[in-house]
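Examination of the molecular architecture
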Amino acid sequence: MNIQDKTKEEFISELKKLQQENNELRSLKEKQSEELIIANKELVFQNEEKAKQAAELKIANKELVFQNEEKAKQAAELKIANKELVFQNEEKAKQAAELKIALEKVVASKTEINERIKELNGLFSLELLAEKFEDIEDIYNEFVNVIVPSTMQFPEKVFVELEIENKKYRNIENFKLSLAKTCLLAPISLFDKPSGNLTVTYIENLPFIEFYEQKLINTFGNRISRITERIISLQRLVKEKEKSEESDRLKSAFLANMSHEIRTPMNGILGFANLLLEPQLSDEQKQNYIQIIEKSGARMLNIINDIVNISKIESGIIDIYLSETNINNQLQIVYDSLKLDADIKKTNLSFHCALTEKEAIITFRSKFSPFKCCTSLLLAS
């Protein structure tokens, strides 16, 4: 019994131990499970970190590739810049060499510089001619005496002929140009039309610097053309001004004469109209006065028409033609018009026709009535 009881107690004790160990194992498993969960979480976190690091590494690799490409570009640009620098240095060297050659040419070309100075002096002198002279012959003389000595190689042996507007100016009268003679020729044109030539040659067989002197003569010919155009334009303007002033004077005289011409028939109309009011006039006198009034009215109308015709002639819309008139009749009309004023002023006015009917017929080259001319002649006498 005791043995059995002891065995049972041992068995219970062992069972308790086993339960305790089982509990410990369970606790251990739970701890291990928790640790495993934590480990898994850490593993997931580490994987995520690795993924982030991988992404960052990928970006870093891209940046590295971009930086390498930029470095390659910069290297290429630097290479190009170096080439350009080498090219610029070569160009500088070439320019330095060209400058050196140019300086050598400048030093060696004093003759050409002097010729250019001559050309400029000649052109300047031509400009002075335009302001100094108003006559073509004066310009030619100044050209021969001033410009040629300052521009040509052998001025004392130069023959110059200027042919312009059918006139010739020569510095050596007896010199004859021949086809075999080498000449420098420049055309003269006025207002875009050929008008002559400027001919320059040496009287002896002397060499020409063809490029320089021909160019020089062409320049002078062109300048002389322009200066001559300016002179002709000024001369035309002066003539137009004089013509305009003369036209103004004629208009003033015409208007002064017209005022007198208008008063003459008006006086006839008003005077004989007043005479018609006299009660003691006979029918024959009245009829005579009425005829004089009608003639004076017709003359007034002719004068007004003549004033209108003057304006038409100035505008070019009227033609002047030849017509015949009787001087005796015109003088009779004038006498009748002025007789009344003469009687009022108690002035003796007489009239005598000395011309025969055949001699009194004249041709009058105008569209105006000859009455005005007769009136002027009568008053003048």
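Each remark here, short or long, concerns the structure printed above.
Position numbers for residues count from 1 along each chain, tracking the sequence in the order it is written. Reporting in this predicted model follows two pLDDT cut-offs: at least 70 for local features of residues, and 80 or more for side-chain atom pairs to be given and counted; totals over whole chains, interfaces and linings ignore these cut-offs and use all residues. With hydrogens and water excluded, all non-hydrogen atoms of the structure serve as input to the side-chain values.

1. Let's talk about the nonpolar core
Filter applied, for reference: By convention a nonpolar core is built from buried Ala, Val, Leu, Ile, Met, Phe, Trp, Tyr and Cys residues, the set being connected through side-chain atoms within 4.5 Å. The rule is simple: take the accessible area with a 1.4 Å probe, protein chains only, and divide by the maximum for that residue type; under 20% is buried, over 50% is exposed, in between is partly exposed. Only DSSP runs of H or I reaching four residues or more are called helices, and only runs of E reaching two or more are called strands; each is numbered from the N terminus. By definition, residues are in contact when any of their heavy atoms lie within 4.5 Å.
Within the largest apolar cluster, 24 residues are counted, with the highest numbers of intra-cluster contacts made by F143, V160, L162, L198, V200 and I217. Residue contributions to this core peak at 6 residues, all from helix α3 (residues 136-151). Residue contacts for V160: discarding those within four places in its chain leaves Y140, F143, V144, V148, Y169, R170, N171, L198, T199 and V200. Residues F272, L281, I292 and I293 belong to the second largest nonpolar core, which totals 5 residues.

2. Regarding the pattern of salt bridges
The condition is simple: Any Lys or Arg side-chain nitrogen located within 4 Å of an Asp or Glu carboxyl oxygen qualifies as a salt bridge.
All chains considered together, the criterion is met by 6 salt bridges. The closest approach of N and O atoms between R170 and E161, which form a salt bridge, is 2.5 Å. Since its relative accessible area comes to 23%, R170 is described here as partly exposed. One salt bridge in this structure joins K241 and E245, with 3.7 Å as the shortest N-O distance. Pair noted here: K241 and E245 are both in helix α4 (residues 210-275), with a separation of 4 residues, about one helical turn.

3. Here we look at the sheet that holds strand β1 (residues 158-164)
The condition is simple: Whether two strands pair comes down to DSSP finding at least two bridges between them. Between N-to-C directions, angles span 0 to 180 degrees; the directions come from axes that are lines fitted to C-alpha atoms, helices contributing only their stretch in contact.
With antiparallel pairing, the 4 strands of this open sheet are ordered in space as β2-β1-β4-β3. Since the sheet does not close on itself, it has two edges, and those belong to β2 (167-170) and β3 (184-190), each with one partner. Here the strands of the sheet are splayed against their neighbours by 15° on average, with no regard to which way each runs. Pairing analysis gives 7 bridges linking β3 to strand β4 (residues 193-202), with the strands arranged antiparallel. In the sheet register, P187 faces β4, and the bridge partner there is N197. Taken strand by strand, α3 contacts β1, β2 and β4, and its axis lies near 160° from that of β1.

4. Observations concerning the pairing of β1
The element β1 is largely enclosed, with a buried count of 6 among its 7 residues. Sheet analysis places β1 next to β4, joined by 7 bridges and oriented antiparallel. Bridge pairing links E163 to N197 in β4. The sheet contact formed by β1 and β2 spans 4 bridges and is antiparallel. By the bridge assignment, E163 is partnered in β2 with K168. As consecutive antiparallel partners, β1 and β2 are separated by 2 residues, and within that stretch E165 has a phi angle of approximately 50°, a positive value.

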